[in-house]
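Per-entry structural report
If you want the building blocks of each chain, they are given just below.
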Amino acid sequence: MAECHPVGFQWVMEAKRKGARIIHIDPRFTRTSAVADQHVALRAGSDIVFLGGIIRYILEQEKYFREYVVAYTNAATLVRDDFRDTDELDGLFSGYDPETGTYDPASWAYKGVEEYAAAGNARKPSADQSAHTDRAAGDTHGAAGAVGHGHSQTTRDETLQDPRCVLQVLKRHFARYTPEMVEQVCGVSPQDFLSVCEAVTANSGRDLTTAWVYSVGWTQHAVGVQYIRSAAIIQLLLGNMGRPGGGIMALRGHASIQGSTDIPTLFNILPGYLPMPSVDDHPDMTAYLKTVTSDTQKGYWTHAGAYTASLLKSWWGKTATSDNDYCFSYLPKISGDHGTYNTVTRMLDDQVEGYFIMGENPAVGSAHGRMQRLGMSHLKWLVVRDFQLIESATWWKDGPEVRSGELKTEDIDTEVFFLPAASHVEKDGTFTQTQRMLQWHHKAVDPPQDARSELHFMWHLGNKIRARLAESTDDRDRPLLDLTWDYGQDGTDEPSADKVLREINGWQVKPDGTPGPLLSSYTQMKDDGSTAGGCWIYTGVYADGVNQSARRKPGSQQSWVAPEWGWAWPSNRRILYNRASADPQGRPWSERKAYVWWDEEAGSWTGHDVPDFPADRAPDFRPEPGTAGPEGIAGDDPFIMQSDGKGWLFAPTGLLDGPLPAHYEPQESPIRNPLYSQQSNPTRQVLKRKDNLSNPSADAPGAQDFPYVFTTYRLTEHHTAGGMSRWLPYLSELQPQFFCEVSPALAAERGLVNGDWATIVTARSAVEARVLVTDRIRPLTVNGRTVHQVGLPYHWGQGGKGAVVEGDSANDLIGLTLDPNVHIQEAKAATCDIRPGRRPADHQVRGMVEDYISRAGITVETGNTLHEKGDQS
Amino acid sequence: MSAGKTFLSWPVLRQVTGSDRLGRGAAAKSGEDWTARTRTADKVVQSVCPYCAVGCGQKVYAKDGKVIQIEGDPDSPISRGRLCPKGSASEQLVNSPTRQTTVLYRRPHSTEWEHLDLDTATDMIADRVVESRRRTWQDTDEQGRILRRTLGFAHLGGATLDNEENYLIKKLFTALGAIQIENQARI
């Protein structure tokens, strides 16, 4: 965090000054480790064992916050009798189909909801969906997860003794995640591990909270979603959710990456985490809403109809009426994985003609750079919008494949447009930062020459395309021609970001169809066409007709929560689910940790933050059993977006790879999985292609050719693929060269010399880097043998024009194996070889890689077996 | 240590053996009439750092339509005036001499860029979108179910852009039937 989010880290140091203990768990020693009380180096890719070990410790030692756990989580809820866990099935959950590599999640459901489940959710991928590339059941969920049919009335045992209750399931599931197993898999000593367990549990409870912070070191794995689930389980067990100083903080890496998820430039969701309609499930809006929510579940997702209708009213205005499902049919349908890596493989297969790249540099920043660049060479046209001539704009001229002679510029028929972009000081607009806070940034100057904002580009592109098709009578053009697209500013050719933000916020629709007063809360949204709003969770950013994101009351002049600086979704709440900061009776758990509480006299919730709860819902309120929607939220159901109002220790629906986290080895690993016969995530998305080979793992033939683990990361002085840092002299001078971090022991083993060159090789590529021999990287003893790790910052690239520094790109080493839930690549743990000296000349690099591939006997099948049968299965 | 760089060249030694032993001479003094660049600005706006997602406050100082300095905003309860090396360097990001500020176009098979004016380039891109969409349009799948889409063009980017920009990207491309709209959040 000190390395990549340095200014945010000042608050960690403030906490330390007040007595907080800082523990840094990371394969490498960074500027965070340097000031932490404890640094725990573990093997990249082993975190679920470490976190699972903590969960086991909490359960075995009965350190969980019992009152919180019983009242606020699903610990007491009973799971179906036919659920079978990984400890019974040697690494699989019940419902696995080895043919498709997918689960039927029906048996993971809560007990007693079978009758409801039959009506809707429990869907399997259809037979024609390949298990490997087209699976997308998870993509049809939006962010509500799957529907919680029947969750308004679950069966609970609040003594937590029933063997089918979630707490008992958890105990059995994590029983094998012992300190000895942590030592064996992670390479962490029992002493170091237990000291973390003791610190985390001692620092949680009524008067204390522990926070967890993570970044892509947890997400970029073929089992990445379950890493986060593991932390969620710890925090729920310890009562650290919805409370000040608690929570799980995702440190996101771009100025508005949170915003681009909320208002998604992502294939599987619409604004506000509503799912994109799928061809399998969503022929019309009624069917669509049935898979988003259910009238037998609790919480605010039951209003999804109002959010959806309001979004469609924003987009299609007067054309969207109740008679035509508000133009629901205008939305295109997804039919599987259309994520960026899928798109790249389709480019390589000549199925994609055009590509827009706006403020991103996939030639360097995406995994498997070679596939990225070669994919682009198959396009008919490419549009790149950026500040500088980044590698993704110039690969046809000077990319590694052109340098090697593999591609000839004259043979590439791709048309390339480079359009200069406006910087953040040259336009108005909002970024959403990592804590969901929108901040308006004001324009200071005009952009230079032809540089324009993306707002300008998209608006004019839309105008031009609409003009070209204006006379069309083709039904396919109706969504485009009926689209509301009026963003002009006083007759100029400049669009107004303010107008767009107002549309995102939403308004009452006047009887004549024109915009009326702005909405102040998403609770005002209706499903009858009387409201419009482009992103329901952002409704309120223009509350009372004021741009709340532009508020800048100095921090020194307001409370420590600072509610009048910017605006956080939803409803300016700074901590989500903050009802849980009070006990079931509505009193703060302790005076020290008071945040939101019930004011008996006023009959409402109050506190330092906006209460994340129905304002007048008394703590002792109990709805009629089976009551759905917000009305079904009991006074002690803090998790108001969850279908049962409870925090989920066990996820009965919504995930594709299991209701609980289980440790699987990465696609490429130096060891066999000591926990189960099942080596890797049995539902991971493998891309079996000749251009995407995997190194053999563990004891498989050829694994010895790739004996080391490597992981990639960022440095303080650079930003991702370097487009905003390698062209800047100050930053380039601070970190001029691509380097690899190795331990003195590995340096001795391979003859690597500090300051000299080394070549790192995988089945994808070979890159050269300066050697940094350092104690910051420690060899670990894993499964009885020494495992060396290599650390690689990934900011450099080959080609581009005008960069102050260049170098080989670490992402060229990474293959594509994806998490099944979210299609993210496994970039944080893989295997490699490292050897002293520079790599061969450009035209000989492929030869070197091919030699490794043939020596190791690698084929498209290598590492891609989804189901490994063990002795017990 | 090379012959030309012995310890005798260390600044501290040169100072104590030179004429200005205490380092208080003219060479070490700022001129009385120096003015901070920020004080000459004719405009200051509050902004947000464009790098990571912490969202540090920035104050952008401009003069005669040019940015002259970018500093941390002490009012921000997030950053309290601090910026990291990247945020502190953002004036260089904005005023970079290598910044490409005109449109470039590379024709199929060409080895060089050529120049285009912005409007012509946008027209050409609009033509490409319309054409690719027409060629790759899918009304229905093989079972006759309605798809109403194109997989003929794709988009990547958005995590560095404004919410309002992402909104228009998603809105326009979805209305065109494009599905493969993605950004760094997947990566």
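Residues numbered from 1 in each chain as written. Chains lettered and ligands numbered in written order. Predicted model: local features only at pLDDT ≥ 70, side-chain atom pairs only at ≥ 80, totals over all residues. Heavy atoms only, no water.

- The name recorded for chain B in an unreviewed UniProt entry is Dehydrogenase, from Leekyejoonella antrihumi.
- Quoted verbatim from the Sequence similarities (unreviewed entry) field of the UniProt record, the comment on chain B reads "Belongs to the prokaryotic molybdopterin-containing oxidoreductase family."
- UniProt, in its Subcellular location (unreviewed entry) section for chain B, records the words "Cell envelope". (UniProt positions renumbered as here; feature names shortened; annotations may be inferred.)

**Re the overall build of chain A**
- Tallying secondary structure elements over chain A gives 24 helices and 29 strands in all.
- Relative to its length of 873 residues, chain A is compact, with a C-alpha radius of gyration of 27 Å against a globular reference of 29 Å.
- Principal-axis analysis of the C-alpha atoms places the extent of chain A at approximately 75 × 70 × 60 Å.
- Classification of the 873 residues of chain A by burial places 67% in the buried group.
- Put simply, of all contacts in chain A between residues at least 6 apart along the chain, 71% involve residues at least 24 apart.
- When the accessible surface of chain A is summed, it comes to about 28300 Å², and 48% of that surface belongs to carbon and sulfur atoms.
- Averaging the positions of the 84 positive and the 111 negative side-chain charges in chain A gives two centres separated by 3 Å. (Helix = DSSP H or I, 4+ residues; strand = E, 2+ residues; numbered from the N terminus. Rg over C-alpha atoms; globule rule 2.2 N^0.38 Å. Buried < 20%, exposed > 50% of the residue type's maximum accessible area, 1.4 Å probe, protein only. Contact = heavy atoms within 4.5 Å. Areas by Shrake-Rupley, 256 points an atom, 1.4 Å probe, with all protein chains shown as cover. Lys, Arg positive; Asp, Glu negative; His and termini not counted. Charge placed at Lys NZ, Arg CZ, Asp CG, Glu CD.)

**Brief notes about the overall build of chain B**
- Secondary structure summary: chain B contains 5 helices and 9 strands in total.
- Start at the N end of chain B and walk to the C end: the helices and strands fall as α-β-β-β-α-α-β-β-α-β-β-β-α-β.
- Computed over its C-alpha atoms, the radius of gyration of chain B comes to 27 Å, more than 25% above the 16 Å expected for a compact globule of 187 residues.
- Dimensions along the principal axes, computed over C-alpha positions, put chain B at roughly 90 × 45 × 35 Å.

**Side note on the pattern of salt bridges**
- Applying the stated criterion across every chain, the model contains 60 salt bridges over all chains.
- With a closest N to O distance of 2.7 Å, Arg839(A) and Asp808(A) form a salt bridge. Pair noted here: Arg839(A) is in the loop between β29 (830-836) and α24 (845-855) and Asp808(A) is in the loop between β27 (789-793) and β28 (817-818), with a separation of 31 residues, a long-range link.
- Judged by its relative accessible area of 14%, Arg839(A) is buried.
- Across the pair Arg145(B) and Asp141(B) runs a salt bridge, and its minimum N-O distance is 2.9 Å.
- A residue is classified by how much of its surface remains accessible, and Arg145(B), at 23% relative accessible area, is partly exposed.
- In this structure, a network of salt bridges that share partners links the residues Lys298(A), Arg622(A), Asp636(A), Asp637(A) and Lys646(A). (Salt bridge = Lys/Arg side-chain N within 4 Å of Asp/Glu carboxyl O.)

**Thoughts on the domain arrangement of chain B**
- As far as domains go, chain B holds domain 1 (37-95) and domain 2 (104-186).
- Between domain 1 of chain B and domain 2 of chain B, the C-alpha centre-to-centre distance is 33 Å. (Domains from an automatic or database assignment.)

**Some words on the nonpolar core**
- Judged by nonpolar contacts, the single largest core of 169 residues is most densely connected at Phe50(A), Leu237(A), Leu274(A), Trp316(A), Phe356(A) and Phe173(B).
- In terms of residues, this core owes the most to one element, helix α3 (residues 47-60) of chain A, which gives 9 residues.
- Within the second largest apolar cluster, 81 residues are counted, among which are Ile357(A), Phe739(A), Val805(A) and Leu813(A). (Core = buried A, V, L, I, M, F, W, Y, C linked by side-chain atoms within 4.5 Å.)

**Topic: the sheet that holds strand β15 (residues 515-518) of chain A**
Residues and elements named next belong to chain A.
- Strand order in the open sheet made by the 3 strands is β15-β14-β16, with antiparallel pairing throughout. Strand pairing shows two members of the sheet lacking a second neighbour, β15 and β16 (531-532), which therefore form its edges.
- Pairing of strand β14 (residues 507-509) with β15, which is carried by 2 bridges, proceeds in the antiparallel orientation. Within the sheet, the bridge partner assigned to Trp507 lies in β15 and is Leu518. (Pairing = 2+ DSSP bridges.)

**Some points on the side chain of Arg373(A)**
Residue and element names in this part refer to chain A.
- Residue position: Arg373 is located in helix α16 (residues 369-376).
- Judged by relative accessible area, which is 5%, Arg373 ranks as buried.
- Side chain to side chain, Arg373 and Glu401 meet in a polar contact 2.7 Å long.
- Other than its neighbours up to four places away in sequence, Arg373 contacts Ala363, Trp395, Pro400, Glu401 and Asp812. (Polar contact = N/O pair within 3.5 Å; in protein donor to acceptor, adjacent residues only side chain to side chain.)

**Some thoughts on a nonpolar patch on the surface**
All names here are of chain B.
- A contiguous nonpolar patch, built from Phe7, Leu8, Trp10, Val12 and Val16 and spanning about 520 Å² of accessible area, is present on the exposed surface.
- Within the fold, Leu8 resides in the segment before α1 (11-17).
- A relative accessible area of 58% places Leu8 in the exposed class. (Patch = residues over 30% accessible without salt bridge, like charges linked within 9 Å, V, L, I, M, F, W, Y side chains within 5 Å.)

**Describing empty space enclosed by the protein**
- Overall, the coordinates contain 10 cavities of 30 Å³ or more when judged by the stated rule.
- What the largest cavity holds in volume is close to 390 Å³.
- Gly359(A), Glu360(A), Asp386(A), Met724(A) and Thr160(B) are the residues nearest the centre of the largest cavity, which is lined by 33 residues in total.
- Of all the elements in the fold, those that place two or more residues in the lining of the largest cavity are α15 (362-365) and β10 (381-386) of chain A. (1 Å grid on protein atoms, 1.4 Å probe; cavity = no way out; pocket = protein on both sides within 12 Å on 5 of 7 lines; lining within 4 Å. Points joined across faces, edges and corners; volume = space filled by probe spheres on them.)

**Concerning the packing of aromatic side chains**
Residue and element names in this part refer to chain A.
- Tallying each qualifying case throughout the model produces 43 aromatic pairs over all chains.
- A ring pair is formed by Tyr68 and Trp589, whose centres lie 6.2 Å apart and whose planes are at 40°; its orientation type is tilted. Pair noted here: Tyr68 is in helix α4 (residues 66-72) and Trp589 is in the loop between β17 (567-568) and β18 (596-599), with a separation of 521 residues, a long-range link.
- Overall, the relative accessible area of 0% leaves Tyr68 in the buried class.
- The class of Trp589 is buried, set by a relative accessible area of 3%.
- Following the ring pairs from residue to residue traces out a cluster consisting of Phe83, Phe93, Tyr96, Tyr103, Trp108 and Phe650.
- The aromatic ring of Tyr713 is capped on one face by Arg28, whose charged end is 3.6 Å from the ring centroid.
- Across from the ring centre of Tyr852, 4.6 Å away, lies the NZ or CZ of Arg855, which sits over that ring. (Phe/Tyr/Trp six-rings, centres within 6.5 Å; stacked < 30°, edge-to-face > 60°. Lys NZ or Arg CZ within 6 Å of the ring centre and 35° of its normal.)

**Remarks on the pairing of strand β24 (residues 766-773) of chain A**
Residues and elements named next belong to chain A.
- Pairing between strand β22 (residues 739-742) and β24: 4 bridges, direction parallel. Bridge assignment links Cys740 to a residue of β24, and that residue is Val771.
- As defined by bridge partners, strand β23 (residues 757-761) adjoins β24 across 5 bridges and the pair is classed as antiparallel. Bridged to Val761 within β24 is Ala766.
- With antiparallel pairing between neighbouring strands as the criterion, β23 and β24 make up a hairpin whose turn holds 4 residues.

**Thoughts on the interface of chain B and chain A**
- Contacts between chain B and chain A engage 118 residues on the former and 160 residues on the latter.
- In total, chain B and chain A occlude about 12600 Å² of area from one another, counting both sides; carbon and sulfur atoms represent 60% of this.
- Looking only at chain B, the three residues that lose the most surface to chain A are Arg148(B), Tyr167(B) and Arg186(B), adding up to 7% of its buried area.
- Between chain B and chain A we count 14 salt bridges in total.
- Glu14(A) is the partner of Arg80(B) in a salt bridge, and the nearest nitrogen-oxygen pair spans 3.1 Å.
- On inspection of chain B and its partner chain A, the count reaches 95 residue pairs in polar contact (both at pLDDT 80 or more).
- Here the side of chain B that touches chain A gets 17 residues from one element, more than from any other, and that element is helix α4 (residues 118-136) of chain B.
- A breakdown of the residues in the side of chain B that touches chain A according to their chemical character gives 55 nonpolar, 32 polar and 31 charged.
- Examined bridge by bridge, strand β9 (residues 354-358) of chain A and strand β8 (residues 153-156) of chain B share 4 bridges and lie parallel to one another. In the sheet register, Tyr355(A) faces β8(B), and the bridge partner there is Ala154(B). (Buried area = accessible area lost by both parts, 1.4 Å probe. Nonpolar A, V, L, I, M, F, W, Y, C, P; charged D, E, K, R; others polar.)

**A word on the sheet that holds strand β9 (residues 181-182) of chain B**
- Pairing within the open sheet is mixed, and its 7 strands lie in the order β5(B)-β4(B)-β11(A)-β10(A)-β9(A)-β8(B)-β9(B). Looking along the sheet, the strands with just one partner apiece sit at the ends: β5 (114-115) and β9 of chain B.
- In terms of strand pairing, strand β11 (residues 415-420) of chain A meets strand β4 (residues 104-106) of chain B through 3 bridges, oriented antiparallel. Following the sheet pairing, Val416(A) is matched in β4(B) by Arg106(B).

**Focus: the pairing of β9(A)**
- Taking burial as the measure, the 5 residues of β9(A) include 5 buried ones, the bulk of the element.
- In β9(A), alternate side chains face the same way, and those of Gly354(A), Phe356(A) and Met358(A) on one face and Tyr355(A) and Ile357(A) on the other are all buried.

**Considerations on the environment of Thr343(A)**
- Positionally, Thr343(A) belongs in helix α14 (residues 340-348).
- Through-space distance from the C-alpha of Thr343(A) to that of Pro623(A) is 48 Å; in sequence the pair is 280 residues apart.
- In this structure Thr343(A) touches His338(A), Val352(A), Ala154(B) and Gln180(B), once residues within four positions along its chain are discounted.
- At 3.3 Å, the side chain of Thr343(A) and the side chain of Gln180(B) are in polar contact.

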